[in-house]
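Coordinate analysis (summary)
Residue strings, one per chain:
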Amino acid sequence: MSNQELPVVITAISDAQFEGFVSGTLFAQGWSVVFRAIDTEAIERYCSNNVEQASSSLLIYSPDLPGITLDVVKQLSTKVKQVVGFSTQTNTEFVDLHPIPATATDLVSIVRGFVRAPMLRQVSAINRANRKAHVLAIGSAGSDTGCTTIALNLAMELSVLGKSTLLIDANFRAPSIAALIAIRNVQSESGWRTIAPQLAIAEITQQEAGTIDELMESATQNFDNIVIDLGSISGLSNRLTDRRWTSTMTTWSCDQGDELMVIARPDLLGIHRLEQVCSLLEKTSIRSALSFTLNMRSQGKKGADEEAQFLAITTRLRPLCVRTISRDLRAASKALEEKATLIEVNMRSALRKSIATMASELKR
């Protein structure tokens with residue numbers, strides 16, 4: 001199976017209700033469930049007769065399968081790509097079993113971790129209830145949507161409100177935050193660099209990608225808010241099962257973030273890209289809450305038409321919030337020219353006020 005192909009799954013679960021839940025959920029994600037074993041003999045025969053298919057598959061099993069033993073699981077693990085077990089029992093000979101997931105999103109999140117193994121399998125999930133930070137990831141539906149501008153200025157506005165904020169540049173295709181505000185040597189021993197009162201920045205490189213869990217565990221305990229610039233999130237479903245380092249922050253954000261804000265622009269291509277992203281999101285379970293922001297909205301009737309079209313596309317996903325930001329090229333160009341944030345170049349601009357309002361509405 002290549003890095004960009006969706007997973008192939010074999011189930012070995014006796015409980016018909018749970019097996020139907022697993023197969024139906026994964027099939028809805030676009031994954032191929034190639035065999036559904038009803039006993040140990042059936043799964044062993046399938047693996048023997050379909051060696052190549054089995055070797056690229058993820059086996060999902062439960063100890064209730066007739067004839068299953070720890071030795072059988074060990075033997076099957078040599079014939080398939082990965083094995084993940086689920087059970088309601090705690091006193092069992094089987095090891096590393098997961099509790100049966102309560103929701104489809106929980107199931108998909110666990111399975112994705114095994115698909116990414118061994119390179120990017122998450123060692124531990126961060127307990128959202130116990131962490132300090134509110135985590136907002138910002139992704140672009142296409143190109144030139146203003147995703148980085150919004151992330152940078154939103155982080156600044158949060159810091160001005162007295163909230164300790166970490167801004168993470170995770171746009172591996174085109175990291176630009178440091179260049180936009182003329183900051184050098186972003187990396188430090190702590191993983192981030194303080195650049196203003198209550199504001200720090202970090203940049204995800206290939207080196208940092210291997211320790212994302214450790215970095216984010218520390219960051220979520222040290223900051224009130226974390227804003228992550230993901231760049232483009234096109235092809236999201238493939239990236240969530242991708243083994244490459246370039247997908248680590250996107251995966252973490254969808255599994256562990258509090259909100260994924262999708263930014264779109266209102267022109268023909270921007271709306272087309274938004275439709276593509278929304279189509280993918282309808283089929284992709286993520287733990288993070290979804291929101292959408294229409295950036296560069298026009299004035300007057302044209303702007304009202306743009307907003308209506310935007311709402312028609314996004315509201316079917318039942319987002320946490322839908323926002324709009326009016327076009328303000330003068331303020332954006334001035335900030336770019338002076339390599340500064342909007343509050344520094346023109347705190348009265350419409351663009352700055354829109355982002356400041358957005359910051360005040362965030363939970364923390």
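Above this text sits the structure in question.
Residues numbered from 1 in each chain as written. Predicted model: local features only at pLDDT ≥ 70, side-chain atom pairs only at ≥ 80, totals over all residues. Heavy atoms only, no water.

**Points about the packing of aromatic side chains**
Evaluated as defined, the whole model comprises five aromatic pairs. Relative to Phe 86, the ring of Phe 18 has its centre 6.0 Å away and its plane inclined at 75 degrees; by these criteria the two rings are edge-to-face. Of the two residues, Phe 18 is situated in helix H1 (residues 16-28) and Phe 86 in strand E4 (residues 82-86); the sequence distance between them amounts to 68 residues. As far as burial versus exposure is concerned, Phe 18 and Phe 86 are alike and both buried. An aromatic cluster is present here, built from Phe 18, Phe 21 and Phe 86 joined pairwise through their rings. (Phe/Tyr/Trp six-rings, centres within 6.5 Å; stacked < 30°, edge-to-face > 60°. Helix = DSSP H or I, 4+ residues; strand = E, 2+ residues; numbered from the N terminus. Buried < 20%, exposed > 50% of the residue type's maximum accessible area, 1.4 Å probe, protein only.)

**Points about the side chain of Thr 293**
Position of Thr 293 among the secondary structure elements: in strand E12 (residues 289-297). Here Thr 293 falls in the buried class, since its relative accessible area comes to 0%.

**Observations concerning the pattern of salt bridges**
Tallied over the full model, the rule gives 12 salt bridges. Residue Arg 287 pairs with Asp 106 through a salt bridge whose shortest N-O separation is 3.2 Å. In this pair, Arg 287 is assigned in the loop between helix H12 (268-282) and E12 and Asp 106 in helix H5 (residues 104-116), connecting sequence segments 181 residues apart. Look at Arg 287 and you get partly exposed, because its relative accessible area is 29%. Look at Asp 106 and you get partly exposed, because its relative accessible area is 25%. In this structure, Glu 307 engages Arg 297 in a salt bridge whose closest nitrogen and oxygen atoms are separated by 2.9 Å. With Glu 307 in helix H13 (residues 300-314) and Arg 297 in strand E12, the pair connects residues that are 10 residues apart, well separated along the chain. Exposure remark for Arg 297: the relative accessible area of 14% places this residue in the buried category. (Salt bridge = Lys/Arg side-chain N within 4 Å of Asp/Glu carboxyl O.)

**As for the sheet that holds strand E5 (residues 97-98)**
The parallel open sheet is built from five strands, whose spatial order is E2-E1-E3-E4-E5. One side of each edge strand has no neighbouring strand; the edge strands of this open sheet are strand E2 (32-37) and E5. By the bridge criterion, two bridges tie E4 to E5 in an arrangement that is parallel. Pairing of Gly 85 across the sheet is with Leu 97, part of E5. The strands touched by helix H2 (residues 40-49) within the sheet are strand E1 (8-12), E2 and strand E3 (57-61), with E2 carrying the most contacts at an inclination of about 135 degrees. (Pairing = 2+ DSSP bridges. Contact = heavy atoms within 4.5 Å. Axes fitted to C-alpha atoms, helices over the stretch in contact; angles between N-to-C directions.)

By themselves, these are just geometric observations and shouldn't be taken as functional.
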